[in-house]
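Examining the three-dimensional arrangement
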Amino acid sequence: GSALDTMTGEFAEVAGVNQIRLEVPMQTQLAFRNSRGGIQVGTWTSVDIGGRVKVDKHYFDIAPLDRYDVILGIPFLRKMEAHLDFVGRKVKFRGLDIQCFNTEQDAQVNRSRPTMLRVREKKRQRMLEEQQQIRQLKAERIIGKKKRG
């Protein structure tokens, strides 16, 4: 299990949660892509699972996750007194049983994540447009210097 409760920046953006820059970045590795810089952003937000498991305020680190939007780690599971049923592939929260995906279902969900993918694509497109504008401005300056010189 994960020692951290974590969500991606894209998920935080789509969910509309307030992102807070940490005063002291937390060093971590393992499950995070490009994690050498550590976690620099977090958030306090509410959690609602199926309308029956609700938390008004819970802390999540915001970091790039490889295959998931959110990881409910040991801190959240402990707080919610969750029971893990490994044989039945379920997580039990105070009378709410959540069936976990099998490998095939997990792969299917990861293939059909259009919301997060659209956010990532928009960010990538914006970045490419900004880079193109910068190149264009540099080229204009060079041409302007050659005309004067």
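The notes below deal with the structure included here. These numbers come from a predicted model, not from an experiment.

1. Description of the overall build of the protein chain
- From N to C terminus, the protein chain includes four helices and eight strands.
- Taken from the N to the C terminus, the helices and strands of the protein chain come in the order β-α-β-β-β-β-α-β-β-β-α-α.
- Carbon and sulfur atoms make up 53% of the accessible area of the protein chain, which amounts to about 11,000 Å² in all.

2. Quick look at the packing of aromatic side chains
- Per the counting criterion, the structure on display carries two aromatic pairs.
- Ring centres of Phe76 and Phe93 lie 6.1 Å apart, and the angle between their planes is 65°; this geometry places the pair in the edge-to-face category. Of this pair, Phe76 sits in helix H2 (residues 74–79) while Phe93 sits in strand S7 (residues 90–93), placing them 17 residues apart in sequence.
- On the accessibility criterion, Phe93 (3% relative accessible area) is buried.
- Sitting over the face of the ring of Trp44, Lys57 holds its NZ or CZ atom 5.6 Å from the ring centroid.

3. So, the sheet that holds strand S2 (residues 20–26)
- The strand order S2-S3-S4-S1-S5 describes an open sheet built from five strands, whose pairing is mixed. Every other strand in the sheet has two partners, leaving S2 and strand S5 (70–71) as the edge strands with one partner each.

4. Some thoughts on the layout of surface pockets
- There is about 1,400 Å³ of room inside the largest pocket.
- Forming the walls of the largest pocket are 36 residues, and the residues nearest its centre are Tyr68, Val70, Ile71, Leu72 and Val91.
- Examining the composition of the lining of the largest pocket, we find that four residues originate from one element, strand S3 (residues 39–49), more than from any other.

5. Overview of the pairing of strand S4 (residues 53–62)
- The pairing of strand S1 (residues 6–7) with S4 spans two bridges and is parallel. Residue pairing across strands places Thr6 opposite Asp61, the latter belonging to S4.
- Bridging between S3 and S4 involves eight bridges; their strand directions are antiparallel. Across the sheet, the residue bridging to Ile49 is Val53, located in S4.

6. With respect to the environment of Tyr68
- Turning to its location among the elements, Tyr68 is positioned in the loop between S4 and S5.
- Tyr68 sits 60 residues away from Thr8 along the chain, and the two C-alpha atoms are 7.9 Å apart.
- In terms of polar contacts, Tyr68 uses its side chain to reach the side chain of Asp106, at 3.4 Å.

Criteria and thresholds
- Residues numbered from 1 in each chain as written.
- Predicted model: local features only at pLDDT ≥ 70, side-chain atom pairs only at ≥ 80, totals over all residues.
- Heavy atoms only, no water.
- Helix = DSSP H or I, 4+ residues; strand = E, 2+ residues; numbered from the N terminus.
- Areas by Shrake-Rupley, 256 points an atom, 1.4 Å probe, with all protein chains shown as cover.
- Phe/Tyr/Trp six-rings, centres within 6.5 Å; stacked < 30°, edge-to-face > 60°.
- Buried < 20%, exposed > 50% of the residue type's maximum accessible area, 1.4 Å probe, protein only.
- Lys NZ or Arg CZ within 6 Å of the ring centre and 35° of its normal.
- Pairing = 2+ DSSP bridges.
- 1 Å grid on protein atoms, 1.4 Å probe; cavity = no way out; pocket = protein on both sides within 12 Å on 5 of 7 lines; lining within 4 Å.
- Points joined across faces, edges and corners; volume = space filled by probe spheres on them.
- Polar contact = N/O pair within 3.5 Å; in protein donor to acceptor, adjacent residues only side chain to side chain.

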